[in-house]
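Secondary and tertiary structure notes
Residue strings, one per chain:
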Amino acid sequence: MESNWKRAIFIGIEGIIYTVFILIDLFSISSGQNSVYLKYSSILLCFFFVLFAVKKDGREKDVLILRAAIGFTLVSDTFLLLTDYKELGVSTFIVVQLCYWYRLHKYKMTDLGITFLIWTCVVVGISIARLPLDFLLLITAFYFICLLRNVWYSLSHGGNLLFRIGLVLFLLCDLNVGLFNLTQYVSVSATLGQFLYSCSSVLIWVFYLPSQVCLSLSSKG
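Because the structure is predicted, anything quoted here is derived from the model rather than measured.

Digging into helix α8 (residues 190-216)
One turn of an α-helix holds 3.6 residues; hence residues three or four places apart share an orientation. An ideal rise of 1.5 Å per residue puts 39 Å on 27 residues; α8 measures up with 39 Å between its terminal C-alpha atoms. Residue S200 marks the point of greatest curvature in α8, where the axis turns by about 25°.

Side note on the state of the cysteines
Under the definition given, this model contains 0 disulfides. Cysteine C99 remains unbridged, with the sulfur of C146 as its closest cysteine sulfur at 11 Å. Counting only cysteine sulfurs, C46 is the nearest neighbor of C214, a cysteine outside any disulfide, at a range of 9.8 Å. According to the relative accessible area criterion, C214 is buried, its value standing at 14%.

What to know about the side chain of R103
In this fold, R103 is placed in helix α4 (residues 86-104). The class for R103 is buried, based on a relative accessible area of 8%.

Brief notes about the nonpolar core
In terms of nonpolar packing, the biggest core is built from 48 residues, with I70, Y100 and F170 touching the most fellow members. For this core, the elements supplying multiple residues, two or more each, are α1 (4-27), α2 (35-53), α3 (60-82), α4, α6 (135-157), α7 (161-180) and α8. Among the elements that take part in this core, α6 stands out by supplying 9 residues, more than any other. Apart from residues lying up to four places away in sequence, I70 is in contact with C46, F47, V50, Y100, Q212, L215 and S216.

Here we look at α7
End to end, α7 covers 29 Å across 20 residues, agreeing with the expected 28 Å (1.5 Å per residue, within 8%). Of the residues making up α7, those classed as buried are F163, G166, L167, L169, F170, L171, C173, D174 and N176. Looking at the packing, one finds that the buried side of α7 touches α4, α6 and α8. A side-chain oxygen of the first residue of α7 lies 3.1 Å from the backbone nitrogen of L162; this N-cap is N160.

Criteria and thresholds
Residues numbered from 1 in each chain as written. Predicted model: local features only at pLDDT ≥ 70, side-chain atom pairs only at ≥ 80, totals over all residues. Heavy atoms only, no water. Helix = DSSP H or I, 4+ residues; strand = E, 2+ residues; numbered from the N terminus. Expected span 1.5 Å × (residues − 1). Bend = angle between axes of the 7 residues up to and from the residue. Disulfide = S-S within 2.5 Å. Buried < 20%, exposed > 50% of the residue type's maximum accessible area, 1.4 Å probe, protein only. Core = buried A, V, L, I, M, F, W, Y, C linked by side-chain atoms within 4.5 Å. Contact = heavy atoms within 4.5 Å. Polar contact = N/O pair within 3.5 Å; in protein donor to acceptor, adjacent residues only side chain to side chain.

What follows is the structure, given as structure tokens:
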């Protein structure tokens, strides 16, 4: 049976952490550096929640996949928030999206060939456009295609509402990640670049933590 009090405590604590780090980011308290550890603690809490508070109750496979996805999310954020290993962070996020793909397709790895085909076309397009093509951009493109396909499939096939909301918020977060890093690949004016940086740096986590909370709650326990 669902432990409502555990879910309520989890949501309450995440809500407090969320409010505090958003205020830090908005007002640039201590240059925003203190919010990094709050953000990391919020994802750590998601992992502990799915690990200890979400019970299997005949849904062993679904819970195990969710734990794996949130676990790899924590690994990704360890690399991205606490180190400079961006390639490892993005690579483990690919594993996260593959876990969700497996979950969406009723525990089967199907149609991944289409994902690789789309990725190949995107890489060719980037090359034709003569944009800087490095390893980070290659794996980021593959990750983003996996996320897009997960969002599309979840919206077109219905099912778990919290799961769908979580994936959509995940997408909104990563769109802002793209805007945040836009100037590394595309030339824009200094004014526009600063505006995009300022807005997206806050919006990334405005969407990201709610997405992870929704995903963590998407398997009742």
